[in-house]
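Survey of secondary and tertiary structure
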Amino acid sequence: MFSVMFDKVMKWAEHRHAVFYLSGLSIVESAFLPVPPPDVMLAPMSLAQPERAWFYALLTTATSVLGGVLGYLLGMFAFELIEPLIHQAGYWPQYEKAQLWFEQWGIWVVFIAGFSPIPYKLFTISAGVASMAFFPFVIASIIGRGARFYMVAGIMLWGGEKMQDTLRRYIDRIGWLLVLLIIVVYLFVKLND
């Protein structure tokens, strides 16, 4: 199952419009839609065209921060419109946690969220709702998202074809282990709430 998806993603990574898909995914993932993070396109694109990996990291960072600004503006000016979507997507508990973290740590939360697998969109929207200073928000987003995406591109460059072959060989095992890990984490969180 995962090996079929891997092969499809590698094919998409070489598509002539892949850069536009990566940009669009980066914007909407950072702003509001519950879609996969841009890493799922950045990594295979960096493997498929290693000479463009740093460009892809820059593009992903720029469009992700642009999406973050959109999320910030939605939080600041249109939260009533997107609040039901946050509930429907099941993100409300994480949103409340993000708000609490903003109160405790301020701008550092944006940097950490930009780098981590925590849904960045919740923090961009929360930053707008909290009326966080805009310029520090953008700087923290650039640093956090940039660090993450340049790291992904760098790892793919470093691993090269050998990494691609190894991933292809073990992708089914990795995929099912990841599914199992997600289930375990979900159950742990649910049982400890």
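This write-up is about the structure you can find in this document. (Residues numbered from 1 in each chain as written. Predicted model: local features only at pLDDT ≥ 70, side-chain atom pairs only at ≥ 80, totals over all residues. Heavy atoms only, no water.)

1. Remarks on the packing of helix 2 (residues 18–31) against helix 3 (residues 39–48)
At a minimum axis separation of 9 Å, helix 2 and helix 3 run at an interaxial angle of 150°. Relative to helix 3, helix 2 is oriented roughly antiparallel. For helix 2 against helix 3, the interelement crossing comes out left-handed. Residues Ala18, Val19, Tyr21, Leu22 and Leu25 of helix 2 form the contact with helix 3, whose participating residues are Val40, Met41, Leu42 and Met45. (Axes fitted to C-alpha atoms, helices over the stretch in contact; angles between N-to-C directions. Helix = DSSP H or I, 4+ residues; strand = E, 2+ residues; numbered from the N terminus. Parallel < 35°, antiparallel > 145°, perpendicular 65-115°, else oblique. Left-handed = near helix turned anticlockwise from the far one by under 90°. Contact = heavy atoms within 4.5 Å.)

2. Some points on a nonpolar patch on the surface
Among the surface-exposed residues, Leu178, Leu181, Ile182, Val185, Phe188 and Val189 lie close enough to one another that they form a single nonpolar patch of about 580 Å² accessible area. Tracing the backbone through its elements, the reader meets Phe188 in helix 9 (residues 134–191). (Patch = residues over 30% accessible without salt bridge, like charges linked within 9 Å, V, L, I, M, F, W, Y side chains within 5 Å. Areas by Shrake-Rupley, 256 points an atom, 1.4 Å probe, with all protein chains shown as cover. Salt bridge = Lys/Arg side-chain N within 4 Å of Asp/Glu carboxyl O.)

3. Section: the nonpolar core
Phe79, Ile86, Tyr95, Phe123, Met132 and Phe137 are the most contacted members of the largest nonpolar core, which has 25 residues in total. Elements with a contribution of two residues or more to this core: helix 4 (53–77), helix 5 (79–88), helix 6 (92–105), helix 7 (107–115), helix 8 (120–129) and helix 9. Sequence-distant contacts of Phe79, that is, excluding residues within four places in its chain, are made with Leu74, Ile86, Trp92, Tyr95, Ile125 and Val129. (Core = buried A, V, L, I, M, F, W, Y, C linked by side-chain atoms within 4.5 Å. Buried < 20%, exposed > 50% of the residue type's maximum accessible area, 1.4 Å probe, protein only.)

4. A few points about the packing of helix 7 against helix 9
Put simply, helix 7 and helix 9 touch, their axes get as near as 7 Å, and they point 25° apart. With respect to their mutual orientation, helix 7 and helix 9 come out roughly parallel. Judged by the sense of rotation from one axis to the other, the crossing of helix 7 with helix 9 is right-handed. Listed contacts from helix 9 to Ile107, Val110, Phe111, Ala113, Gly114 and Phe115 of helix 7 are Pro136, Phe137, Ala140, Ser141, Ile143, Gly144, Arg145, Ala147, Arg148 and Met151. Considering only residue class, the contact of helix 7 with helix 9 consists of 11 nonpolar, 3 polar and 2 charged. (Nonpolar A, V, L, I, M, F, W, Y, C, P; charged D, E, K, R; others polar.)

5. Observations concerning the pattern of salt bridges
Across all of its chains, the model carries 3 salt bridges by this definition. Here Glu29 ties to Lys121 by a salt bridge, and the two come within 3.9 Å at their closest N and O atoms. Separated by 92 residues along the polypeptide, Glu29 in helix 2 and Lys121 in helix 8 bring together distant segments of the chain. On the basis of relative accessibility, which here comes to 5%, the residue Glu29 falls in the buried class. With a relative accessible area of 3%, Lys121 lands in the buried category. Here Asp39 makes a salt bridge to Arg148, at a shortest N to O gap of 2.8 Å.

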